[in-house]
Amino acid sequence: MLDKIEKVKYFDGMAYRTYEVGKDNVTEIDFTDIIAKVTIKDFNGKRYILIKSEYMELTTKDTF
């Protein structure tokens, strides 16, 4: 079983981007096969960002 993902770092073609649970309203990061799903809670409820990148670095709480 995969541990909870705390941070995802990826290259979007122009720059490296990072999402981290607990910062910028990020509540959860899930990973399935090749796509990371970032859940962000805002005033309209929840929204999702799907990330697919050649370069993606996932960090779990244990390796933080």
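One can find the structure itself at the top, above this paragraph.
Reference entry: report on the structure contained in this document. (Residues numbered from 1 in each chain as written. Predicted model: local features only at pLDDT ≥ 70, side-chain atom pairs only at ≥ 80, totals over all residues. Heavy atoms only, no water.)

1. As for the sheet that holds strand β6 (residues 56-60)
Read across the open sheet, the 3 strands follow the order β2-β1-β6; overall the sheet is antiparallel. Looking at the sheet topology across the chains shown, the edges are occupied by β2 (16-20) and β6. Sheet twist, expressed as the average angle between the axes of neighbouring strands with direction ignored, equals 15°. In this sheet, β2 lies alongside strand β1 (residues 5-11) in antiparallel orientation, the contact comprising 5 bridges. (Pairing = 2+ DSSP bridges. Helix = DSSP H or I, 4+ residues; strand = E, 2+ residues; numbered from the N terminus. Axes fitted to C-alpha atoms, helices over the stretch in contact; angles between N-to-C directions.)

2. Structural notes on the nonpolar core
One finds I5, V8, Y10, Y19, V26, I29, A36, V38, I40 and I51 forming the largest nonpolar core, which totals 10 residues. Listed by contribution, the elements that provide at least two residues to this core are β1, β3 (26-32) and β4 (35-42). If sequence neighbours within four positions are ignored, Y19 has contacts with E6, K7, V8, Y10, V26, I29, V38, I40, I49 and I51. (Core = buried A, V, L, I, M, F, W, Y, C linked by side-chain atoms within 4.5 Å. Buried < 20%, exposed > 50% of the residue type's maximum accessible area, 1.4 Å probe, protein only. Contact = heavy atoms within 4.5 Å.)

3. Brief notes about the environment of N44
Structurally, N44 is set in the loop between β4 and β5 (45-51). Taking the C-alpha atoms as reference points, N44 and I29, separated by 15 residues in sequence, lie 19 Å from one another.

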